[in-house]
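Letter by letter, the chains look like this.
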Amino acid sequence: GAGVSQTPSNKVTEKGKYVELRCDPISGHTALYWYRQSLGQGPEFLIYFQGTGAADDSGLPNDRFFAVRPEGSVSTLKIQRTERGDSAVYLCASSLATFASGGATYNEQFFGPGTRLTVL
Amino acid sequence: QQPVQSPQAVILREGEDAVINCSSSKALYSVHWYRQKHGEAPVFLMILLKGGEQKGHEKISASFNEKKQQSSLYLTASQLSYSGTYFCGTEEYQSGAGSYQLTFGKGTKLSVIP
């Protein structure tokens, strides 16, 4: 079946410009996550949606970053007044929580290929 | 605070075994393991829950010591395709349940050579 898709795969922009990054999750997955990954590092959490609402946006670095998921499926990460330090691979993941027999929740996340953002 | 992974890098010959460790200072709800090849997305390998349940790929095994907040990933009879960077992602406890967000370690680079 189709996995998580992200567009564009690469985005080059100039400092100060506005960019939008799109994520299309696995069909039926209610949770959607945005992470960013710098070279040689693990993914860093940005924001998590459950349905249409942002359940946890504690990872957004500042108010230049904003994300929406208006219909509970596709999400857009928006970055205003881009800075060179925003350059990274932006990863999207989705999940569908399922219950284990003991009552705990499985929440394995499936990642998209990422958008490589370069701010010149 | 991100979990600490060890070793940072390891080189194996085909057929050899390896153990990758992940240690957190936080009380954990679950530990997730991923493998990432250069320029590709992280691929899900295994999830281990507090309480002992787990699921993942058949050829991968892992353990989760809840008291020590540590997890280990066991790679046996390694193949060339096992090469990549392995990340653990930890999910903390939040209000009696998981936090859903993952905090990743810096990764362990595994190279398998013929």
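Before going into details, it helps to say that this report is about the structure given with it. Every chain is numbered on its own, with residues counted from 1 as its sequence reads. Lettering for chains starts from A, numbering for ligands starts from 1, and both go in the order in which the items are written. Confidence filtering applies because this is a predicted model: local features only for residues at pLDDT of at least 70, side-chain atom pairs given and counted only at 80 or more, and all residues used for totals across whole chains, interfaces and linings. Where side-chain values are given, they derive from all heavy atoms of the structure, hydrogens and water being excluded.

This part is about the overall build of chain B. The numbering of helices and of strands both runs from the N terminus, where a helix is a DSSP run of H or I of at least 4 residues and a strand a run of E of at least 2. Counting its regular elements, chain B contains 0 helices and 12 strands. Helices and strands appear in chain B in the N-to-C order β-β-β-β-β-β-β-β-β-β-β-β. In terms of overall dimensions, chain B has a C-alpha envelope of 50 × 25 × 20 Å along the principal axes. Burial statistics for chain B: of 114 residues in total, 45% are counted as buried. In what follows, a contact means two residues having at least one pair of non-hydrogen atoms within 4.5 Å. The contacts in chain B between residues at least 6 apart in sequence include a share of 57% that link residues at least 24 apart. Method for areas: the Shrake-Rupley scheme with a 1.4 Å probe, in which residue coverage is limited to the protein chains shown. Summed over all atoms, the accessible surface of chain B reaches about 5,700 Å², with 48% contributed by carbon and sulfur. Of the charged side chains in chain B, 11 are positive and 9 negative; the average position of the first set lies 5 Å away from that of the second. Only protein chains enter the calculation, and the probe is 1.4 Å; a residue is then buried if its accessible area is under 20% of its type maximum, exposed if over 50%, and partly exposed in between. His is not counted here, nor are the chain ends, while Lys and Arg score as positive and Asp and Glu score as negative. To locate a charge, the coordinates of NZ of Lys, CZ of Arg, CG of Asp or CD of Glu are taken.

Right, let's get into the interface of chain A and chain B. In this assembly, 28 residues from chain A lie in contact with 22 residues from chain B. Of all residues in chain A, A:Y106, A:E108 and A:F111 bury the most surface against chain B, accounting for 25% of the area lost on that side. Each polar contact in these results corresponds to two N or O atoms within 3.5 Å; when the atoms are within protein, one needs to be able to donate a hydrogen and the other to accept it, and residues that are neighboring in sequence are counted only if both atoms are side-chain atoms. Remark: the boundary between chain A and chain B carries 8 residue pairs in polar contact (both at pLDDT 80 or more). Here the quantity called buried area is the accessible surface, traced with a 1.4 Å probe, that two parts lose on coming together, added over both.

This paragraph deals with the environment of B:K59. When you line up the elements, B:K59 lands in the loop between β6 (54-56) and β7 (61-65). For the pair B:K59 and B:L75, spaced 16 residues apart in sequence, the C-alpha to C-alpha distance is 8.2 Å.

To continue, consider the state of the cysteines. Cysteine sulfur atoms are paired as a disulfide whenever they come within 2.5 Å of each other. Enumeration according to the criterion identifies 2 disulfides over all chains in this entry. Note on cysteine connectivity: A:C23 is disulfide-linked to A:C92, with sulfurs 1.8 Å apart. Its S-S torsion of approximately -65° makes the covalent link between A:C23 and A:C92 left-handed. Placement of A:C23 in strand β3 (residues 19-24) and of A:C92 in strand β9 (residues 88-95) is noted, with a sequence separation of 69 residues between them. Classification of A:C23 by relative accessible area gives buried; the value is 0%. Classification of A:C92 by relative accessible area gives buried; the value is 0%. Through a disulfide, B:C22 is tied to B:C88; the S-S separation comes to 2.0 Å.

This brings us to the packing of aromatic side chains. All names here are of chain B. Pairing of aromatic rings covers Phe, Tyr and Trp, the last through its six-membered ring, and needs centres within 6.5 Å; plane angles under 30 degrees mean stacked, over 60 mean edge-to-face, and all others mean tilted. As enumerated under the stated definition, the model contains 13 aromatic pairs over all chains in all. With 5.6 Å between their ring centres and 90° between their planes, Y29 and Y93 make a pair best called edge-to-face. Taken together, the residues Y29 in strand β4 (residues 28-36) and Y93 in strand β9 (residues 84-94) connect sequence positions 64 residues apart. The exposure class assigned to Y93 is partly exposed, which follows from its relative accessible area of 34%. Measuring from ring centre to ring centre gives 5.9 Å for Y34 and F44, while their planes differ by 70°; the resulting arrangement is edge-to-face.

We now examine the nonpolar core. Counting 21 residues, the largest nonpolar core has A:Y33, A:Y35, A:F111, B:Y34, B:L49 and B:F104 as its most contacted members. Residue assignment for this core shows that the elements contributing at least two residues are β4 (31-37), β5 (44-50) and β9 of chain A together with β4 and β5 (43-49) of chain B. Those residues in contact with A:Y33 that sit more than four places away from it in its chain are A:I47, A:Y48, A:L91, A:C92, A:A93, A:S94, A:S95, A:N107, A:Q109 and B:Y100. Residues enter a nonpolar core if they are buried and are Ala, Val, Leu, Ile, Met, Phe, Trp, Tyr or Cys, with the set joined through side-chain atoms within 4.5 Å.

Residue and element names in this part refer to chain A. By convention in these notes, a salt bridge is any Lys or Arg side-chain nitrogen within 4 Å of a carboxyl oxygen on Asp or Glu. Using the criterion set out here, one finds 6 salt bridges over all chains in the structure. Across the pair D86 and R64 runs a salt bridge, and its minimum N-O distance is 2.8 Å. Here D86 is found in the loop between β8 (75-79) and β9, whereas its partner R64 is found in the loop between β6 (53-56) and β7 (65-68), with 22 residues between them in sequence. For D86, a relative accessible area of 3% gives the class buried. In the salt-bridge network here, residues are joined through shared partners; they are R64, E83 and D86.

All names here are of chain B. Of all 7 residues in β5, 6 are buried; the element is thus mostly enclosed. Strands are treated as partners if at least two bridges between them are detected by DSSP. Across 6 bridges, β4 lies against β5 in antiparallel orientation. If you follow H32 over to β5, its bridge partner there is I47. A loop of 6 residues connects β4 with β5, the two strands running antiparallel in sequence, and G39 in this loop sits at a positive phi of about 80°. Relative to β6, β5 runs antiparallel, the two being bridged by 3 bridges.

Residues and elements named next belong to chain A. Relative to the elements of secondary structure, S94 occurs in strand β9. Within polar-contact distance, the side chain of S94 engages the backbone nitrogen of I26 at 3.3 Å. Ignoring anything within four residues of it in the chain, the contact list for S94 reads V4, P25, I26, H29, A31, L32, Y33, E108, Q109 and F110.

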